[in-house]
Amino acid sequence: MFGDNLYDYSLTSGPSEAYKDKDHRRGRSTSRLSTSESSSTPFSASASPGSAWLAGFPRLPKRLGRYLPTLLGAIIFLAFWKHFGNFYGDQERHANASKCASPLGSLPESRVGEVIDTLAEYKYRSDGCNISSLDLHMPFGSVCPEKSSMLTAMSSGGRIGRDAPYLPRGCDMQWFNTVEVCEVLGRYSQVIIVGDSMLRHVIGALNILIRENLGYGGVTDWNFSEDEKRKCFCNNQFDVRDCSIQGIFSTADVVEHDPLSLMCPKMIPEWNTDLRIEQIVRYPIPEDERQRFEKAIDSNPSQRKAFILGHGLWSNLEVGQTLNWLDTVLNIIESKTGSRMRLRGRSPRRNLPVLLMTPNAAGDKKPDEWIVSQGNKALVQFEHAMAVEAAKRRIDHLGTWNMSIQATMYDGVHMDMRGNLLKAMMVLNWLNLLEV
């Protein structure tokens, strides 16, 4: 019966019988040994290796021999425990890692695989440009399900510490790998960015992603001298003005001068997106800039297009002046495409997707003469006002003040490569959630 002491012979017989049984068991062991060794003669060379080992081994003390099976069992148990303990320990550590990956709690099981550095294999990552995607954004919670909640979350998030990973508020954005970046951009025949130097840095970051090149992905490195390569490496693509003005203005330039550096056609053979920027910063818009912009827009209504606009600092954050610029740009888009961005109600002509990005926060290196008119109070008020005006015009708005207030602005105005990669990923999240 379970729990009984089967070796306590005192329960069934006297002490002498128990000792006799022990002698009997020892006698059986002795008889087995004696039959294999020809009585008491020593082992010969022809004996088996196992038998020779046993014969040469000193006679075990009685007490040790008695507990030898228990000792061997314990050793086997510990060996199995170590193996399976490590296995389950690894599983537990993996589960804990997914819980601790974000300061806001555990990830859904479906997102655990997203805790990876998508920039790890980019060119120049191991050659002095050590930027990890997990330093820019750490996944948490669930992804925002649709465009409106995504824009609100990305515009109103924050950081837990200076230059810490950015966390949208309420629900999360995605950090796409290169294949996903190419797939999102590949849904559109044209993605046209219109604006100032802040928007020029956004397209620079997008080019880093589609070229998988942290060192020179955002600039025209194919025509760089050795001195320019030294001066414009990594963050300096954005931080050094002489380098940033040599940014890539369209994918057509990459196709013409360095086609093998473009990853999207290798991953998606039919990929043929025209990603470009038109730098238009002044109002009234000069005629040559207007004509160049009109020429850049494909008038074919069957080709999907998306527009990302940015303005503010060139108008000294004057809302009325920026609205004049914005309405002029929207009118050019509408007249060239035959579509309208500002339709109310249902219409057979689908609204063209337009995103307005307002300027990021000011840093501690902001020149003193701009602290009042372009400081953080003025920037916040401008962002709020433009969000209202964008809604009136039925276009989308993305604020970047929150995502930048605890980030590095190398000159007090512009973000470095890390901040611009984050902006680029925000644009991709918007593009990803537009209606097909």
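1. Regarding the pairing of strand β3 (residues 190-195)
For β3, the buried fraction is high: six of the six residues fall into the buried class. Of the two faces of β3, both are covered, the one formed by Q190, I192 and V194 as well as the one formed by V191, I193 and G195. Of the strand pairs in this sheet, β3 and strand β5 (residues 305-310) are connected by five bridges, and their pairing is parallel. Among the inter-strand pairings, I192 is bridged to a residue of β5, identified as F307.

2. Brief notes about the sheet that holds strand β7 (residues 396-398)
One open sheet accounts for five strands, arranged β4-β3-β5-β6-β7; its pairing is parallel. Strands with a single pairing partner mark the edges of an open sheet, and in this sheet they are β4 (274-279) and β7. On average, adjacent strands in this sheet sit at an angle of 20° to one another, irrespective of strand direction. Sheet strands in contact with helix α12 (residues 287-296) are β3 and β4, and its direction is about 170° off that of β4.

3. Let's talk about the confidence of the model for the chain
Per-residue confidence for the chain averages 83 on the pLDDT scale, and 75% of its residues sit at or above 70. Of the regions scoring below 50 in pLDDT, residues 1-57 engages in eight contacts with residues more than four places distant in sequence or in other chains. This model gives residues 84-101 a pLDDT under 50, and the stretch forms 13 contacts once residues within four places in sequence are excluded.

4. Observations concerning the state of the cysteines
Under the definition given, this model contains four disulfides. For C129, the disulfide goes to C234, at an S-S distance of 2.0 Å. Sign of the S-S torsion, about 75° for the bond between C129 and C234, identifies this disulfide as right-handed. Pair noted here: C129 is in the loop between α3 (62-100) and α4 (147-155) and C234 is in the loop between α7 (226-231) and α8 (236-239), with a separation of 105 residues, a long-range link. Taken individually, C129 and C234 each receive the classification buried, so the pair is uniform in this respect. Covalently, C182 is tied to C264 through a disulfide, its sulfur atoms 2.0 Å apart. Judged by the sign of its S-S torsion, about -75°, the bond between C182 and C264 is left-handed.

About the cut-offs
- Residues numbered from 1 in each chain as written.
- Predicted model: local features only at pLDDT ≥ 70, side-chain atom pairs only at ≥ 80, totals over all residues.
- Heavy atoms only, no water.
- Buried < 20%, exposed > 50% of the residue type's maximum accessible area, 1.4 Å probe, protein only.
- Helix = DSSP H or I, 4+ residues; strand = E, 2+ residues; numbered from the N terminus.
- Pairing = 2+ DSSP bridges.
- Axes fitted to C-alpha atoms, helices over the stretch in contact; angles between N-to-C directions.
- Contact = heavy atoms within 4.5 Å.
- pLDDT = per-residue confidence, 0-100.
- Disulfide = S-S within 2.5 Å.

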